[in-house]
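Report on the structure
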Amino acid sequence: AVSNARLILPPVAGNPAAVYFDLKNEGERAIAVRRADIAHAKSAEMHDMMEYNREMTMAAMGPLTVPKGETIKFEPGGKHVMAFELSPDLKPGGTTELTLTVAGGDKVSFPVPV
């Protein structure tokens, strides 16, 4: 289940946008989210913040395991989805769609307000 989804447009045109949401695994077993795709973006990557040489940095992350019954928050300063090369059609107040692909190939898509 997904809640609290939103895409934050970049303050500088041409830079990537960030997508945040809460992801709850309501299934009977753990899942591994392997990929994120965003309509109206050329590409997307799941990123996380981490410490490297005593500095906080952002990097692409591998598959994300979501245990049964757990909620993972994609939020500023933590996990998020970066959307690259956005369509100029995306405007504040609009909507796009995010698709998550899990191990095994199952997909879930949901609307994301801009």
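We now turn to the structure provided with this report. For clarity, every value in this text was computed on a predicted model and none was experimentally measured. One numbering rule holds for all chains: residues counted from 1, following each sequence as written. Per-residue local features are limited, in this predicted model, to residues with pLDDT of at least 70; the limit for side-chain atom pairs, both in listing and counting, is 80 or more; totals at the level of whole chains, interfaces and linings are taken over all residues. Hydrogens and waters are ignored; side-chain quantities use all the structure's heavy atoms.

1. Quick word on the packing of aromatic side chains
Put simply, the test is: Pairing of aromatic side chains here covers Phe, Tyr and the six-membered ring of Trp, requires ring centres within 6.5 Å, and sorts the geometry by plane angle: under 30 degrees stacked, over 60 edge-to-face, intermediate tilted. Helix and strand assignments follow DSSP, with helices taken as H or I runs no shorter than four residues and strands as E runs no shorter than two, numbered in order from the N terminus. Throughout this description, buried means an accessible area under 20% of the type-specific maximum (1.4 Å probe, protein chains only), exposed means over 50%, and partly exposed covers the range between.
The tally for this structure, following the rule as stated, stands at two aromatic pairs. Each ring, one from Phe21 and one from Phe74, has its centre 4.3 Å from the other, and the planes form 15°; the classification is stacked. Residue Phe21 is found in strand S2 (residues 17-24), and its partner Phe74 is found in strand S7 (residues 71-74); the two are separated by 53 residues along the sequence. Across the pair, Phe74 and Phe21 agree in class, each one buried. Connected via pairs of aromatic rings, a cluster forms that spans Phe21, Phe74 and Phe110.

2. Considering the nonpolar core
Convention followed: For the purposes of this section, nonpolar cores are sets of buried Ala, Val, Leu, Ile, Met, Phe, Trp, Tyr and Cys residues that join through side-chain atoms within 4.5 Å. Every residue pair with non-hydrogen atoms within 4.5 Å of one another is taken to be in contact.
Counting residues in each nonpolar core, the largest one holds 26 residues, and the members touching the most others are Val19, Phe21, Val33, Ile38, Val81, Leu98 and Leu100. At four residues, the largest contribution of residues to this core is made by S2. If near-sequence neighbours (up to four positions away) are discounted, Phe21 is found in contact with Val2, Ser3, Asn4, Ala5, Arg6, Ile72, Lys73, Phe74, Val81, Leu98, Leu100 and Phe110.

3. Concerning the pattern of salt bridges
Heads up, the rule is: Salt bridges are counted wherever a side-chain nitrogen of Lys or Arg sits within 4 Å of a carboxyl oxygen of Asp or Glu.
Counted according to the given criterion, the structure contains five salt bridges. Linking Lys68 and Glu28 is a salt bridge whose minimum nitrogen-to-oxygen distance equals 3.9 Å. Of this pair, Lys68 sits in the loop between strand S6 (64-66) and S7 while Glu28 is found in the loop between S2 and strand S3 (31-38), placing the two residues 40 residues apart along the sequence. Residue Lys68 shares its accessibility class with Glu28, and that shared class is exposed. Among the salt bridges present, the one from Arg35 reaches Asp37, with a minimum N-O distance of 2.7 Å. Residue class for Asp37 comes out partly exposed when judged on its relative accessible area of 28%.

4. Digging into the sheet that holds strand S10 (residues 107-113)
Strand pairing in a sheet relies on backbone hydrogen bonds, with the paired strands running either antiparallel or parallel. Applied cut-off: Strands are treated as partners if at least two bridges between them are detected by DSSP. To get an axis, a line is fitted to the C-alpha atoms, and for a helix only the part in contact is used. The angle between two axes follows their N-to-C directions and goes from 0 to 180 degrees.
With antiparallel pairing, four strands are arranged side by side in an open sheet as S6-S3-S9-S10. The open sheet is flanked by S6 and S10, the only strands paired with a single partner. Taken over all neighbouring pairs, the strand axes of this sheet differ in orientation by 40° on average, direction set aside. Taken together, the three bridges between S3 and S6 define a ladder with antiparallel strand orientation. Its bridge partner lying in S6, Val33 is registered against Leu64.

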